[in-house]
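Structure assessment
In case you want the letters, here they are:
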Amino acid sequence: MQQRPDAGAARADAGLTQTPTQAHAGRRRALKGMAAGLLGAASSQALASPARVDADPAPALDIAPWSLRQGEPVLWHPYGQPSSHERDVVRRSVTLKAATPGAASSLAPLHKLYGTITPNGLVFERHHAGIPLIDPDAHRLALHGLVKSPRVFTMDDLLRFPSVSRIHFLECSGNTGREWNGPSGQPVQVTHGLLSCCEWTGVPLSTLLDEVGYDREAKWILAEGADGAAMSRSIPIRKALDDALIVYAQNGERLRPENGYPLRLFLPGFEGNMSIKWLRRLKLGREPFMTREETSKYTDLMPDGRADQFTFVMETKSVILQPSPGYRLRGAGFYEISGIAWSGRGRIRQVDVSTDGGRSWQRARLDGDPLNRALTRFRIGWQWDGGPARLQSRAVDETGEVQPTREQLVARRGVNSTYHYNGIQSWKVDPSGELSNA
Ligand SMILES: Nc1nc2c(c(=O)[nH]1)N[C@H]1C(S)=C(S)[C@@H](COP(=O)(O)O)O[C@H]1N2
Ligand SMILES: [Mo]
């Protein structure tokens, strides 16, 4: 066996060999910063040290078996995989009450995601007729209707156009729908998991419209998928010219089959349903096309029995992910509360957090500069006194739109709606440390 370099020296470089007294003093400094209740943005950062005050460092500095031998070879997994210890960080599926087995969705494990980008293997899925496995060489995108020169593009054609990469969230308008009638008892993966955020790469739709010379009479575009559901929606031309993308890559690699490979439409901030996957056709017309998905479905039934149609924008919303139901707090003391906020109207301006069910609020700190129509991470320190608590977050976007309480939402829209629920979410904390959606 090979001789190891001096492990102690290597660890001293990494700053891990503090004497117990040094560690103790540092810890005391950190603890002094802890006021009662929520800790504001400035003070909380220094407090998140997980080290135990009286821990004896000696056993922890023993050499572990994996430090004494060669590790797995390079290309252990030619396509990398998470640690086997993260086996439970997976999408969960829900089969919907539908006549076909392909009508299903899977939910992203938001409670185990820590930044704002959803890894490709964990992006939520919503299919109306399963996942078509498409040969990219055989795939075509037709652009026709009110245009000067109709065109059929191959994937190779599309890859030659000037491209952009942008970070945006994608949310199904059915997300959080089960909270309309009050707390569902479900954890955040189930209540909010029809949500992801990726870096999307493709061609601006406006570029393709210029290419075919669109007629100024055209006000709507029909987008149609190549799946068995032939999913189709009408897109206002204004959105198409503004920020719509014809996407072929997510998070740096080509789209996954379940997210639209080889080509999808992407409409930033609009309900997920309109971002047609496996895109095969765009047809320009004067009127909306009144497809099944925008007449019978994806409309919002109001208390007076009428339905709102073409409710495209996903409203201002936020949710606490850590901690959330499934987590258990281990005793009174410091915790960081962290979650995500987003708005289909633009950037997140502010997120406030309450630990007393909305009686008092404190401003959370936002990571970096919030991006347009993307998830924004918020964080705030919390000193739990060990008593009952109720954690809530409330987002405000750059247009001044404030995330409503469930009561405010119900007063405006009744409880007939399925889609577009963006109410403030509440996690109950028991003195035992157990969290629940109650
Ligand atoms: N062709 C096609 N496009 C589709 C769908 C579909 O079933 N077929 N589902 C829509 C719905 S309802 C949503 S919420 C999003 C989900 O995208 P994702 O599966 O990549 O998360 O795709 C939309 N585009
Ligand atoms: Mo959806």
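Here the structure is shown first, and the text comes after it.
Procedures and definitions
- Residues numbered from 1 in each chain as written.
- Chains lettered and ligands numbered in written order.
- Predicted model: local features only at pLDDT ≥ 70, side-chain atom pairs only at ≥ 80, totals over all residues.
- Heavy atoms only, no water.
- Helix = DSSP H or I, 4+ residues; strand = E, 2+ residues; numbered from the N terminus.
- Buried < 20%, exposed > 50% of the residue type's maximum accessible area, 1.4 Å probe, protein only.
- Areas by Shrake-Rupley, 256 points an atom, 1.4 Å probe, with all protein chains shown as cover.
- Salt bridge = Lys/Arg side-chain N within 4 Å of Asp/Glu carboxyl O.
- Near = heavy atom within 4 Å.
- Polar contact = N/O pair within 3.5 Å; in protein donor to acceptor, adjacent residues only side chain to side chain.
- Pairing = 2+ DSSP bridges.
- Axes fitted to C-alpha atoms, helices over the stretch in contact; angles between N-to-C directions.
- Contact = heavy atoms within 4.5 Å.
- Arc of directions from axis to C-beta.
- Phe/Tyr/Trp six-rings, centres within 6.5 Å; stacked < 30°, edge-to-face > 60°.

Some thoughts on the overall build of the protein
When helices and strands are counted, the protein shows nine helices and 25 strands. The 438 residues of the protein split such that 48% are buried. If you sum the accessible surface of the protein, you get close to 21500 Å²; carbon and sulfur atoms cover 51% of it.

Examining the pattern of salt bridges
Enumeration according to the criterion identifies 22 salt bridges in this entry. The residue Glu224 makes a salt bridge to Arg281 at a minimum N-O spacing of 3.1 Å. In this pair, Glu224 is assigned in strand β9 (residues 220-225) and Arg281 in strand β14 (residues 279-285), connecting sequence segments 57 residues apart. Ionic pairing is found between Arg306 and Asp304, a salt bridge with its closest N-O pair at 3.1 Å. The network of salt bridges with shared partners includes Glu336, Arg365, Asp367 and Arg379.

What to know about the site of ligand 1
Taken together, 20 residues form the shell around ligand 1, and within it Phe124, His128, Asp227, Asn259 and Lys277 come nearest. In this structure, an oxygen atom belonging to ligand 1 sits 2.6 Å away from a main-chain N or O atom of Phe124. One of the side-chain N or O atoms of Asp227 is found 2.7 Å from a nitrogen atom in ligand 1. Summarising the interface, the protein chains cover 100% of the accessible area of ligand 1, which totals 530 Å² for the free molecule.

A short note on unusual backbone geometry
Here the amide bond leading from Tyr261 into Pro262 is cis, since omega sits at 5°, within 30 degrees of zero. Of note, Pro262 is situated in the loop between β12 (253-254) and β13 (264-266). For the bond from Gln322 to Pro323, the omega torsion is 0°, close enough to zero to count as cis. Note that Pro323 resides in the loop between β17 (317-322) and β18 (333-342).

Concerning the sheet that holds β9
With mixed pairing, the five strands of this open sheet are ordered in space as β6-β5-β14-β9-β10. At either margin of the open sheet sits one strand with a lone partner, and together these are β6 (151-154) and β10 (232-236). Ignoring strand direction, the axes of neighbouring strands in this sheet form an average angle of 20°. Strands in contact with helix α7 (residues 205-212) are β5 (140-145), β6, β9 and β14; relative to β6, the strand with the most contacts, it is inclined by about 135°.

Here's the deal with α7
Among the residues of α7, Leu205, Ser206, Leu208, Leu209 and Val212 are the ones counted as buried. Buried residues in α7, looked at end-on, bunch into an arc of 160°, giving them a common side. Of the residues flanking the end of α7, it is Gly213, one or two places downstream, whose phi is positive at about 65°.

A short note on the side chain of Glu271
If you trace the backbone, Glu271 turns up in the loop between β13 and β14. Overall, the relative accessible area of 1% leaves Glu271 in the buried class. Polar contacts involving the side chain of Glu271 include one to the side chain of Arg233, which spans 2.9 Å. Those residues within four positions of Glu271 in sequence are excluded, and the remaining contacts are Glu171, Ser173, Arg233, Tyr298, Thr311, Phe312, Met314 and His420.

Concerning the sheet that holds strand β20 (residues 362-363)
Read from one edge to the other, the open sheet built from five strands follows the order β20-β19-β23-β24-β25, with strand pairing classed as antiparallel. Single-partner strands in this sheet number two, and they are β20 and β25 (435-436). Where strand β23 (residues 389-397) lies against strand β24 (residues 426-429), four bridges are found, and the strand directions are antiparallel. Bridge assignment links Leu391 to a residue of β24, and that residue is Trp427.

Structural notes on the packing of aromatic side chains
The geometry of an aromatic ring pair is captured by the separation of the ring centres together with the interplanar angle, meaning the angle of the planes. The final tally for this structure, using the stated rule, is eleven aromatic pairs. Ring centres of Tyr298 and Tyr419 lie 4.8 Å apart, and the angle between their planes is 20°; on these two criteria the pair is classed as stacked. One end of the pair, Tyr298, is in the loop between β14 and β15 (300-301); the other, Tyr419, is in the loop between α9 (406-413) and β24, and 121 residues separate them in sequence. For Tyr298, a relative accessible area of 3% puts it in the buried group. Look at Tyr419 and you get buried, because its relative accessible area is 11%. Ring plane angle 45° and centroid distance 5.7 Å describe the contact between Phe310 and Phe312, whose orientation is recorded as tilted.

Note that all results are geometric; they support no functional claim without further evidence.
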